[in-house]
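Given next are the chains, with one letter for each unit.
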Amino acid sequence: MGALDLAADAAQRAAERGPADSSSWARLGRLRLQLMDRDGAIEALERARVTGPTVEALLDLALAYHLAVR
């Protein structure tokens, strides 16, 4: 309930424990987007794209790049 920073920390740990799990990286990227950490979101979503792209993760990555340019 609004503890996005705690959720992002937990998602970071989960992604590091399973580096080949693209869904963990995508979740981390989405949480970082919500925290307005554009560079961190791009990094995590790029990792998700490389390990196993999904349409949702690719759309989130496009959004992160769009926000970073503005």
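Residues numbered from 1 in each chain as written. Predicted model: local features only at pLDDT ≥ 70, side-chain atom pairs only at ≥ 80, totals over all residues. Heavy atoms only, no water.

## Examining the packing of helix α1 (residues 4–17) against helix α2 (residues 22–34)
At step 1: Two numbers describe how α1 lies on α2: the axes approach to 9 Å, and their chain directions differ by 155 degrees. Judged by the inter-axis angle, α1 sits roughly antiparallel to α2. Seen along the crossing, α1 lies across α2 with a hand that is left-handed. Of the residues in α2, those in contact with Leu-4, Ala-7, Ala-8, Ala-11, Gln-12, Ala-14, Ala-15 and Glu-16 of α1 are Ser-24, Trp-25, Arg-27, Leu-28, Leu-31, Arg-32 and Gln-34. (Axes fitted to C-alpha atoms, helices over the stretch in contact; angles between N-to-C directions. Helix = DSSP H or I, 4+ residues; strand = E, 2+ residues; numbered from the N terminus. Parallel < 35°, antiparallel > 145°, perpendicular 65-115°, else oblique. Left-handed = near helix turned anticlockwise from the far one by under 90°. Contact = heavy atoms within 4.5 Å.)

## Observations regarding the environment of Arg-13
At step 1: Here Arg-13 lies in helix α1.
At step 2: Separated by 52 residues in the primary sequence, Arg-13 and Tyr-65 have C-alpha atoms spaced 24 Å apart.

## Observations regarding helix α3 (residues 38–51)
At step 1: Taking 1.5 Å per residue as the helical rise, α3 with its 14 residues ought to reach 20 Å, and the 20 Å between its terminal C-alpha atoms agrees with that figure.
At step 2: Turning to α3, its buried residues are Gly-40, Ala-41, Ile-42, Ala-44, Leu-45 and Ala-48.
At step 3: Close packing links the buried residues of α3 with α2 and α4 (55–69). (Expected span 1.5 Å × (residues − 1). Buried < 20%, exposed > 50% of the residue type's maximum accessible area, 1.4 Å probe, protein only.)

## Points about the nonpolar core
At step 1: Membership of the largest hydrophobic core comes to 16 residues, with the highest contact counts inside it found for Trp-25, Ala-26, Leu-28, Leu-33, Leu-45, Ala-48 and Ala-64.
At step 2: Elements with a minimum of two residues in this core: α1, α2, α3 and α4.
At step 3: Sequence-distant contacts of Ala-48, defined by excluding residues within four places in its chain, comprise Ser-22, Trp-25, Ala-26, Pro-53 and Ala-57. (Core = buried A, V, L, I, M, F, W, Y, C linked by side-chain atoms within 4.5 Å.)

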